[in-house]
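Tertiary structure, described
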Amino acid sequence: DITLDACAPPTAVPTAVPTAVPTAVPTAVPTAAPGAPPAAPFTSSCGPFPITTGNANMVINYEFGTVNAADAIQFTVSATSTGYGAIGFRAAGMMGGMTNIDPIAFDADQVLDMAQTTGMTPPTPDVSNDVTKVSITNTGGVITAVFYRLLNTGDAADMALSKGLMLNFVWSFGNGKVDNGWVNHTPTQRGQADITLDACVVTAVPTAVPTAVPTNTPGVPPTAVPTSTPTAVPTNTPGVPPTAVPTWVPTSVPTNT
């Protein structure tokens, strides 16, 4: 007994489906929005320099550098305050009052570019924020803010700064938030003075010029170096007795009779 083959079709070999290679999605490079401060970090080139306030509760330092190859200035300001701190600039000689100050204000949460002041009205945030916050710390009742801006922001509401510029520098601190609930500072919480920003002139260090070593000219004999002639030591002539060295004869000591 046999069974004739059924001639069934061969078992199909499954076709390998290639795994799709994921397409890399490039990381987006952040760009600054129109009117926003540059996104690049500040690179210091000169400083820091202190600004004397005469008040231990307000400590200010600044330094010059670059942001995206453009000249910039960075401030580090520490205010002993539960609210805000602020600095500002205006033309030199404008002592007193609150007019025409280009301020920058900060609290424990934010740094704001403020519009220029008019009269005694508290400043309001500038339409174009040209100040970049680097960091803010609030430790032991002292708020320290680090921020920078370009020397020339191109904004008509911002005072153009430059190295070596003389200006009237204003500072203050008090209670409340910089964008809501300002509380006027007391006379001991403010100050101003005409100052001159450092010119950052680097004094060149003179380069030492090595002393030339003289060389002999071909065909010209070198200059003779004088040699010392030793002093001759006298010797006795053969057959001639040497000069007698006198013998010391002691003086007799007289004795008492």
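Look up a bit, the structure's there.
Residues numbered from 1 in each chain as written. Predicted model: local features only at pLDDT ≥ 70, side-chain atom pairs only at ≥ 80, totals over all residues. Heavy atoms only, no water.

Details of the sheet that holds strand E8 (residues 142-150)
Taken in spatial order, the 5 strands line up as E1-E2-E3-E8-E7 in an open sheet, and their pairing is antiparallel. Edge positions in the sheet fall to strand E1 (43-51) and strand E7 (132-139), since each has one partner strand and no second. Along the sheet, successive strands turn relative to each other by an average axial angle of 15°, direction set aside. Sheet topology places strand E2 (residues 58-67) next to strand E3 (residues 70-80); 10 bridges connect them, and they run antiparallel. Its bridge partner being in E3, Met58 is matched across the sheet by Ala79. (Pairing = 2+ DSSP bridges. Helix = DSSP H or I, 4+ residues; strand = E, 2+ residues; numbered from the N terminus. Axes fitted to C-alpha atoms, helices over the stretch in contact; angles between N-to-C directions.)

With respect to the state of the cysteines
Under the counting rule described, the total for this entry stands at 1 disulfide. At a sulfur-sulfur separation of 1.9 Å, the disulfide partner of Cys46 is Cys200. The sign of the S-S torsion, about -100°, decides the handedness of the disulfide formed by Cys46 and Cys200: left-handed. Of this pair, Cys46 sits in strand E1 while Cys200 is found in the segment after strand E10 (190-196), placing the two residues 154 residues apart along the sequence. You'll find Cys46 and Cys200 in the same group, each marked buried. (Disulfide = S-S within 2.5 Å. Buried < 20%, exposed > 50% of the residue type's maximum accessible area, 1.4 Å probe, protein only.)

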